[in-house]
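Structural features, examined
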Amino acid sequence: MKDYMVTFEKNGYKKYTRFSEFDSAVNFAEHMAILYHSSVEVRTYTTDELVHSVDAKITLDKELVV
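Here's what I pulled together on the structure shown here. (Residues numbered from 1 in each chain as written. Predicted model: local features only at pLDDT ≥ 70, side-chain atom pairs only at ≥ 80, totals over all residues. Heavy atoms only, no water.)

1. Structural notes on the packing of aromatic side chains
How two aromatic rings sit relative to each other is set out by the distance from centre to centre and by the angle between their planes. Test applied: Stacked, tilted and edge-to-face are the three classes assigned to paired rings of Phe, Tyr and Trp, where Trp is represented by its six-membered ring and a pair needs centres within 6.5 Å; plane angles under 30 degrees give stacked, over 60 edge-to-face, the rest tilted. Under the scheme used here, helices are H or I runs from DSSP no shorter than 4 residues and strands are E runs no shorter than 2 residues, and both carry numbers assigned from the N terminus. Type-normalised accessible area, obtained with a 1.4 Å probe on protein chains alone, sets the label of each residue: buried when under 20%, exposed when over 50%, and partly exposed for intermediate values.
Here the structure, examined in full by the defined rule, presents 4 aromatic pairs. Ring geometry for Tyr4 against Phe22: centres 5.4 Å apart, planes inclined by 65°, an arrangement best described as edge-to-face. Pair noted here: Tyr4 is in strand β1 (residues 4-10) and Phe22 is in helix α1 (residues 22-36), with a separation of 18 residues, a long-range link. Using a relative accessible area of 34% as the deciding quantity, one classes Phe22 as partly exposed. Between the aromatic rings of Phe19 and Phe28, the centroid separation amounts to 5.2 Å while the plane-to-plane angle is 50°, which identifies the pairing as tilted. Here the aromatic residues Phe8, Phe19, Phe28 and Tyr36 are joined through ring pairs into a cluster of three or more.

2. Some thoughts on α1
Filter applied, for reference: Expected span of a helix: the number of residues minus one, times 1.5 Å. Note that the arc is computed from the directions linking the helix axis to the C-beta atoms. Any two residues whose heavy atoms approach within 4.5 Å are treated as being in contact.
Across its 15 residues, α1 extends 21 Å between first and last C-alpha, which sits within 8% of the 21 Å expected from 1.5 Å per residue. Considered for burial, the residues of α1 that qualify are Ala25, Val26, Ala29, Met32 and Ala33. The arc enclosing the buried residues of α1, seen along the axis, measures out at 130°, which places them on a common side. Counted as exposed and oriented over 90 degrees from the buried face of α1: Asp23 and Ile34. Where α1 is buried, its residues touch β1, β2 (13-19), β3 (39-44) and β4 (50-55). Remark: His37 follows α1 within two positions and exhibits a positive phi of approximately 50°.

3. Re the nonpolar core
The condition that has to hold: To define a nonpolar core, start from buried Ala, Val, Leu, Ile, Met, Phe, Trp, Tyr and Cys residues and group those joined through side-chain atoms within 4.5 Å.
By size, the foremost hydrophobic cluster in this structure holds 11 residues: Tyr4, Val6, Phe8, Phe19, Ala25, Ala29, Met32, Ala33, Val40, Val42 and Val54. For this core, the secondary-structure elements that each account for two or more residues are β1, α1 and β3. With 4 residues, the top contributor of residues to this core is α1.

Listed below in structure tokens is the structure:
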């Protein structure tokens, strides 16, 4: 079973939280990106491989024209 590490910046310091489920890690990453207006990474805990990235500064919704 893979474990995932979510890394985000809070108050100028890098923080990380460990999750055992990918879905929980991605949901937490998206929440932290919006809450702290910073980029957040989801990596595998054992190999440190980047599997998901969220950047709150990039908002595609505002640029879409329907």
